Amino acid sequence: MNPEAQAETSGSARAVRRSARAPAKAPPRTPAAAAPPQETSARGKRKAREPNEKSPEEKLEYLLTNPKSKLTNVDISDVISYENLLELPEDVQNRLCALLPPTAFSTYRASVCSTHPDYVSHHGSDPQESGDQMEVDDPVQGDSTLRSPATLDPMVFSSPFFLSAAHTFQDHLYSSWLGKKAADDLAKFKEGARTGDIHADWKDETWELERQPVMSKAQRKKFISANLTALAKHGLLQEGDVLAYRRSFPALDVVVEKDVLVEKIDLRTHIITLSLSPGTQKKLPPFLLVHGAEEEDAKMLTMEDVTDPVALERGVLDVDGRVRSADKYAQDLAACGRADASGGPTDEVKNMISVRAWKSFTVWRWQEHMRQQTDLQIVQDRGGRERVATLFYLRGCCLSGQ
């Protein structure tokens, strides 16, 4: 064999060897702080415009009136303190000191009346200095150094009275009572109260409306049966009692007052017979208020078989003649927060009318030692009777079995 061919044959039989190159090393990473800033393109996106910054006056108004103010979440004693006062400019310190009462400064001198036992120790024997000079609310005239940061008592800011007022301010701020809406609502209410267009519910009436108990059928039947007849049956109404009616009607600028006498109570049925004066006359005739007196020639009116204070109130208003039933009903609707009752009176309206009627009558009765003293009864108001309670209270006693 040719030596060249033999060499080629032996070389092809060997395995082909390849040399592996080492991978190129990655460049070392540099920290972001040490990295060179990238050049920004002049053609990049424009930054969004920032909203107009609020003025100092707007910031102050937000801080003092908005319920989301930071002042609602901080300790107010850390904000209003003697140390912070000293950090302010001198003219601002003087302006703030002028708002404080004279008792907040060490230069204040308490004074007492000339008849007080300590008057001599306060004023000495100087006869020219007399009278009560305790004027804590009047500004100090003449000497401005009496109200300066140098004479201000640092303990004022830690006083319980000062802190109580500061915490009240925080509560009002958090409750949105210092904002514009609250101020507008208050101005609207004052104007409505002055003109008689708005009626404010009494606290007890609002409390009763929000917390009306859920009664069973038996309790509801007993509640309905608690009328004037039931009061007379339980001795809570007696012959000779005077029911003093009084109710105000702001929309009409009228106050109706009239005394009603419990003239007779039937022993078997406990039906009540009532007497009252005609027209707008409030008081009953003196002779009728004496124990054991019989009706004389007087133009007295009589109401019989009245068991419901609502009916009794309607009769009293009809006799008085100044308030129509429609006007009274409109006031009752306003007390329930309703403008009209096109669909008929609801249970809430009926209950409110009933409660107001029960509360409008007050029972006056003789004490035992006064019942037989007719000579004193004829010269005293309501015949010497004393106030017992309202019919509403007596009805509660009747329901509770007292």
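Residues numbered from 1 in each chain as written. Predicted model: local features only at pLDDT ≥ 70, side-chain atom pairs only at ≥ 80, totals over all residues. Heavy atoms only, no water.

Asker: What is the right way to read the overall build of the protein chain from this model?
Answerer: For the protein chain, the helix and strand inventory stands at 16 helices and six strands. In the protein chain, which comprises 402 residues, the proportion classed as buried is 29%. In the protein chain, the proportion of contacts linking residues at least 24 apart, taken out of those at least 6 apart, comes to 60%. Surface exposure of the protein chain reaches about 28700 Å², of which carbon and sulfur atoms provide 54%. (Helix = DSSP H or I, 4+ residues; strand = E, 2+ residues; numbered from the N terminus. Buried < 20%, exposed > 50% of the residue type's maximum accessible area, 1.4 Å probe, protein only. Contact = heavy atoms within 4.5 Å. Areas by Shrake-Rupley, 256 points an atom, 1.4 Å probe, with all protein chains shown as cover.)

Asker: I would appreciate a short explanation of the pairing of strand E5 (residues 361-365) in the present structure.
Answerer: Within a regular beta strand, the side chains point alternately toward one face of the sheet and then the other, so they alternate between its two faces. Counting buried positions over the five residues of E5 gives five, a clear majority of the element. Here four bridges tie strand E1 (residues 242-249) to E5, and the two strands are oriented antiparallel to one another. Bridging from a neighbouring strand, Ala244 pairs with Thr362 of E5. For E5 and strand E6 (residues 386-390), the ladder comprises four bridges, and the chain directions are antiparallel. Among the inter-strand pairings, Thr362 is bridged to a residue of E6, identified as Thr390. (Pairing = 2+ DSSP bridges.)

Asker: Looking at this structure, how should I read the packing of helix H13 (residues 325-335) against helix H14 (residues 347-359)?
Answerer: The angle between the axes and the distance between the axes are what describe a pair of packed helices. Two numbers describe how H13 lies on H14: the axes approach to 10 Å, and their chain directions differ by 110°. Of the possible angle classes, the one that applies to H13 and H14 is roughly perpendicular. For H13 against H14, the interelement crossing comes out right-handed. Of the residues in H14, those touching H13 at Lys328, Tyr329, Gln331, Asp332, Leu333 and Ala335 are Val349, Met352, Ile353 and Arg356. Here the residues of the contact of H13 with H14 are counted per class, giving six nonpolar, one polar and three charged. (Axes fitted to C-alpha atoms, helices over the stretch in contact; angles between N-to-C directions. Parallel < 35°, antiparallel > 145°, perpendicular 65-115°, else oblique. Left-handed = near helix turned anticlockwise from the far one by under 90°. Nonpolar A, V, L, I, M, F, W, Y, C, P; charged D, E, K, R; others polar.)

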